[in-house]
Structures are given as structure tokens and as C-alpha cells.
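An overview of the molecular structure
Here is what each chain is made of, one letter per residue.
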Amino acid sequence: MLPDEGLLNYILDRSQGCRHITLIDPGKQSTEIATRRAIAAVEAGSRMIFIGGSTNTPDEVVHATCKSIQEAFELQIFAASQDPTSDEDMWKIPVVLFPGGAHALSPSADGITFMMLMNSNIRKFLIGEQLRGAPFLKKFGVEALPTGYLVFSPGGKVGEVGEADLIESDQLDLVNSYALTAEMFGFKILYLEAGSGASTQVNPNCIKSARRVEELCLIVGGGIRTGQQAAKAANAGANWIVTGTLTEDAKNLDEIHQRISEVVAGAQSSSS
Ligand code: 1GP
């Protein structure tokens, strides 16, 4: 659901401190379970849902998941509007595509991280997939969020598939140069990625180095599972923290709620 202030303003707003995104890979569970997970995530404090991940999920599955989550949030808004003790705005949570390529699109999404994998060695992820996807996004009216995407070591699947020149934790000047380049290209967002399920999160010094470019909105993800890790990223300057695996491998919705609450608390504990 689109927030009242519009998608990009909502994302760039810093007045709420560091916020949390739950990433749902539509290829990894049924639409119904994905929807229940999205609801649990918002109840636990997530403020955005990303839909994406796997490289081989068909369009129909991505679309069905987006649509079902949007409908569920609409229902929650309706229910809250009937109950004076509930807050309708809590459910105005954007559902944003986080695509692996031009194949994973849906007209039901509020927006898309329109990304350049800046440290990829292949044209496909620098401009090729974007070129294929742009006409569809235009037709669907899905808002493109100009985003630079940087993959750090260990990088996982995305580093491999994207043929990224992985950034190491001591390459601080390089990170700063990428951040400056992102800003000069007009990107509003820079996503610092360690890879899904990574054994180590993006090094806080790298986040600080990107943070020196003050205007960029920094999204940080990969390997974050605890409140402490989230606090580390937030204190280094992350504006948003993404988690995916911790939702996927939770035993049930209660566990999802508890895990996300802890990460949200960690992110929010930051003073920056
Ligand atoms: C992957 O950054 C995200 O693109 C989330 O990573 O699955 O490790 O939480 P995790």
C-alpha cells in the first residue's frame, strides 16, 4: 500500500530512525504463507516489504504474491478503520519489487528497486535487464526507485550470478567512490549487500564510508539475524536494514514475530 506522502518520500524520510524491511522470496513458499509472513512482519515492526530473491521465479508467482499481500494490507486498513483503537496508517506499508532481473515484475507492486549492480562485470546486470524491464514498468505504472546495488564479500548467490567484483571489508576508499558515483548518476538509494544468508554482514566501516555521501539513502542487508547486528549497521549509518533468511527459516509465525521485533529494536536503538 502506498503511504500518503508517496513512495520515495516515505523511503527517504529519516525522521523515524533506521527502519526494517522484510524480504520475501515468492519462490520459497505458497502465496498464502507469504501473505501471513508479511502480516506478521508488519505487526513486528517491519516498515516495508520487498518481494524478490531467486532468479528463476516466474512472473505469475511474483504477481500472485504481491497481489495477495496488497489485498491483505487493504483488509487490515479496513478493519482498523472500523476500530477507533487501531492505527490505519500502520498498514500503509509499501510492497516493493526487489528483482533478480526483468522477469520478476508485477503491476500490483507499489514500486521497484530499479538497480544497477555497480560492481558487476557483465552488461546484463549493469544495464541489460533494466533495458528489458523499463517498458513493462512504464506500462504497469510501477514506480522505479533509482538504486545502486553493491555486493560485498562473501556475496553468496547474487555475487556469483551477478559476476560481481566482490568488495572486501578494507576497501573503504572504493566504497566511497562507488557511493559518490551512485550520487552522480542520480541514484537516491544505495543498497549494500553481503548476500542472502551471508556468514558475515557488511562491515560497519564500509557502511560509514558510504555514509560520507550524506544524501544517499543506505539500505543494508545480507547475514543480519540479531538485534545486535542490526544496531551495528544502524550505528554505522544504515537507513534501512533488510532481512530475508530469518523469516524463511523460522519455525512458525510467532518465531518470525519475535525475531523481527528483536532486529527492529536493534535498528531503532541507533542514535544516528
Ligand atoms: C538479500 O540482503 C538480503 O538480498 C537479505 O539477506 O537473507 O541474509 O537476511 P538475508
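Residues numbered from 1 in each chain as written. Predicted model: local features only at pLDDT ≥ 70, side-chain atom pairs only at ≥ 80, totals over all residues. Heavy atoms only, no water.

1. A short note on the sheet that holds strand S8 (residues 240–243)
Spatial ordering of the closed barrel is given by S1-S2-S3-S4-S5-S6-S7-S8, a layout of eight strands whose pairing is parallel. Neighbour-to-neighbour, the strand axes of the sheet open up by a mean angle of 30 degrees, direction not taken into account. Relative to strand S2 (residues 48–52), strand S1 (residues 19–24) is paired through four bridges, and the arrangement is parallel. Pairing of Leu23 across the sheet is with Phe50, part of S2. Its contacts with the sheet place helix H2 (residues 31–43) against S1 and S2, and it is angled at close to 170 degrees to S1. (Pairing = 2+ DSSP bridges. Helix = DSSP H or I, 4+ residues; strand = E, 2+ residues; numbered from the N terminus. Axes fitted to C-alpha atoms, helices over the stretch in contact; angles between N-to-C directions. Contact = heavy atoms within 4.5 Å.)

2. Some thoughts on the state of the cysteines
Each disulfide is one covalent bond, formed between the sulfur atoms of two cysteines. Under the counting rule described, the total for this entry stands at zero disulfides. Here Cys66 is not disulfide-linked; the sulfur of Cys217 is the nearest cysteine sulfur, at 20 Å. Here Cys206 is not cross-linked by a disulfide; its sulfur's nearest cysteine counterpart is in Cys18, at 17 Å. By relative accessible area, Cys206 is classed as buried at 0%. (Disulfide = S-S within 2.5 Å. Buried < 20%, exposed > 50% of the residue type's maximum accessible area, 1.4 Å probe, protein only.)

3. Overview of the pairing of strand S7 (residues 217–221)
Counting buried residues in S7 gives five out of five residues, a clear majority hidden from the surface. Note that strand S6 (residues 189–193) and S7 share five bridges and pair parallel. Looking at S7, one finds that Leu190 is bridged to Leu218. You can see the chain leave S6, run along helix H7 (residues 204–211) and come back into S7, and the turn it takes is right-handed. As defined by bridge partners, S7 adjoins S8 across three bridges and the pair is classed as parallel. Bridging from a neighbouring strand, Val220 pairs with Ile241 of S8. (Right-handed = clockwise from strand over helix to strand, strands pointing away.)

4. Details of the environment of Gln229
Relative to the elements of secondary structure, Gln229 occurs in helix H8 (residues 227–236). Between the alpha carbons of Gln229 and Leu216 there is a distance of 21 Å; along the sequence they are 13 residues apart. Here Arg225 takes part through its backbone nitrogen, which lies 2.7 Å from a polar atom of the side chain of Gln229. (Polar contact = N/O pair within 3.5 Å; in protein donor to acceptor, adjacent residues only side chain to side chain.)

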